[in-house]
Amino acid sequence: MYVTRVPNRSSPPAVLLRESWREDGKVKTRTLANLTHWPDRKVEALRRVLRGETVIAAAERVEIERSLPHGHVAAVLGTLRRIGLDRLVPRRPERLAKLALALIVARVIEPAAKLATARQLSEATAAHSLGALLGLGEVDEDELYRALDVLGAAQPAIEKALARRHLKDGMLVLYDVTSSYLEGRCCELARFGYSRDGRPDRPQIVFGLLCAADGCPVAIEVFEGDTADPQTLATQIDKLKKRFALKRVVLVGDRGMITSARIEAELKPAGLDWITALRAPAIQALAADDGPLQLSLFDDRNMAEISSPDFPGERLVVCRNPALAAERARKREDLLAASEKDLAKIQAAATRTRNPLRGEAEIALKVGVVLGRRKVAKHFRLTITDTACEFMRDEAAIAREAE
């Protein structure tokens, strides 16, 4: 096969793909295709191939100057669009709408400060393909803060739409809070409070998350950093009843959240049901000698339902977990042993010959630090004088707690 050009008088020449062969001593030719419509570079490439010349592959002609990670971006952005979250985010102004989507995806794939996120999205300093996919070009952190303002203003509408999708009357609603400490002084909600991060030296914020029964987040609210867990409950009840227009749901929360006081003052008047756990003193009262909670109710698997006049109209469902009991016994023993080791050091300091520890107040102060560190003071009997410290385990108290 070969490529030939055939003159065509005043018209452009015809470019033909032909083949030739010999038959009975004569050379015969036939046309296989008319290539006149092909561009010259394409015709020339075919001619070189037919001549057996080496053609540089496209990949060899391309020099890769930069590549951007893409798979995780495609997965998260595709999921966001598949579940319709992009339709809940404001669409105007268009630039800020794209930045709002970018903030959501970036928070999943590579959480960072707004300045770092701006660099990850910008064309010149991109860390992944997200900015290119959304056509963002150059991004600065001020734009991201403006996009956050847009999201903040749209939060009630977004949450209401999520509630219509995932919540309905008669279903379980899960609620819990956590906290996050802050580095800075400009947050108007920052306060010193109980730190779940182990950073009591830093101010923090508290935020509560409301979820559907399958764990799908529906609404979130931020509180001042010194807000106690039960104090956040009223806001959630108001949100469920007024904003989401739910008449009856079952609110599920831990024992530190849904307290007896909150049940009487807030949940019952609102007509909401609840599931929570009793605190240790209430459980101990139920498990008293004449109480309804007896260990004979249990085997190692099943639950039991009991009733008590102290909880009128409520179902008390109880269970015994032997694995949890064993783990708590192990942890309790470790805490007691570590505390005894430290108390022994104080005892030795009070009896040493050289520079002994003296004074009932001084000894008691050091003992209090040891016992307070591990919260085991209730498990020891102490005798402290000006010159000595005696201690022993309160086996009866330990047995009561184990039971």
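It should be noted that the structure appears before, not after, this text.
Another aspect to go through is the nonpolar core. Inside soluble globular proteins, nonpolar side chains tend to come together where they are buried. Of all hydrophobic cores here, the largest spans 55 residues; its most connected members are L130, L167, L240, F244, L251 and L267. For L251, the residues in contact, after removing those within four places along its chain, are V173, Y175, L210, L233, L240, I258, L267, D273, W274 and I275. Counting 14 residues, the second largest nonpolar core, distinct from the first, contains L343, V370, L371 and V376.

Here we come to the packing of helix α5 (residues 114-121) against helix α7 (residues 141-166). Remark: α5 packs on α7, axes separated minimally by 8 Å, with the N-to-C direction vectors making an angle of 110 degrees. The pairing of α5 with α7 is recorded here as roughly perpendicular in orientation. Only E141, L144, Y145 and L148 of α7 make contact with α5, whose side of the interface consists of K114, L115, T117, A118 and L121. Its residues placed into classes, the contact of α5 with α7 shows 6 nonpolar, 1 polar and 2 charged.

This part covers the pattern of salt bridges. Under the definition given, this model contains 27 salt bridges. The residue R199 makes a salt bridge to D201 at a minimum N-O spacing of 3.0 Å. We classify R199 as partly exposed; its relative accessible area is 24%. Owing to a relative accessible area of 41%, D201 belongs among the partly exposed residues under this scheme. The partner of D342 in a salt bridge is R374, with the nearest N and O atoms 3.0 Å apart. Placement of D342 in helix α11 (residues 322-351) and of R374 in helix α12 (residues 360-374) is noted, with a sequence separation of 32 residues between them. For D342, a relative accessible area of 16% translates into the label buried. Within the structure, one salt-bridge network assembled from shared partners comprises E183, R199, D201 and R202.

Cis geometry is found at the peptide bond from R92 to P93, where omega equals -10 degrees. Within the secondary structure, P93 is located in the loop between α3 (71-82) and α4 (94-109). Non-glycine residue A245 carries a positive phi angle of around 55 degrees. On the secondary structure map, A245 appears in the loop between α8 (233-243) and β7 (250-252).

Going residue by residue along strand β10 (residues 316-319), you find L316 and V318 tucked away on one face and V317 and C319 left uncovered on the opposite face. The sheet contact formed by strand β9 (residues 303-306) and β10 spans 4 bridges and is antiparallel. Paired with I306 across the two strands is L316, which belongs to β10.

Parameters and conventions
- In this convention, every chain numbers its residues from 1, walking through the sequence in written order.
- Where local features are concerned, this predicted model is filtered to residues with pLDDT of at least 70; where side-chain atom pairs are given and counted, the filter is 80 or more; whole-chain, interface and lining totals use all residues.
- Only hydrogens and water are removed before side-chain values are computed, so all heavy atoms of the structure are retained for them.
- Throughout this description, the term nonpolar core refers to a set of buried Ala, Val, Leu, Ile, Met, Phe, Trp, Tyr and Cys residues connected via side-chain atoms within 4.5 Å.
- Three exposure classes are used, based on accessible area relative to the maximum for each residue type with a 1.4 Å probe and protein chains only: buried under 20%, partly exposed in between, and exposed over 50%.
- By definition, residues are in contact when any of their heavy atoms lie within 4.5 Å.
- Fitting a line to C-alpha atoms yields each axis, with helices limited to the stretch in contact; the angle taken between N-to-C directions then spans 0 to 180 degrees.
- A run of H or I in DSSP becomes a helix once it reaches four residues, and a run of E becomes a strand once it reaches two; helices and strands are each numbered from the N terminus.
- An angle below 35 degrees is treated as roughly parallel, one above 145 as roughly antiparallel, one from 65 to 115 as roughly perpendicular, and anything else as oblique.
- As a working rule, the residues Ala, Val, Leu, Ile, Met, Phe, Trp, Tyr, Cys and Pro are called nonpolar, Asp, Glu, Lys and Arg charged, and the rest polar, with Gly in that last group.
- Within this document, salt bridges are pairs made up of a side-chain nitrogen of Lys or Arg and a carboxyl oxygen of Asp or Glu, the two lying within 4 Å of each other.
- Strand pairing follows a simple DSSP-based rule, namely that at least 2 bridges must link the two strands.

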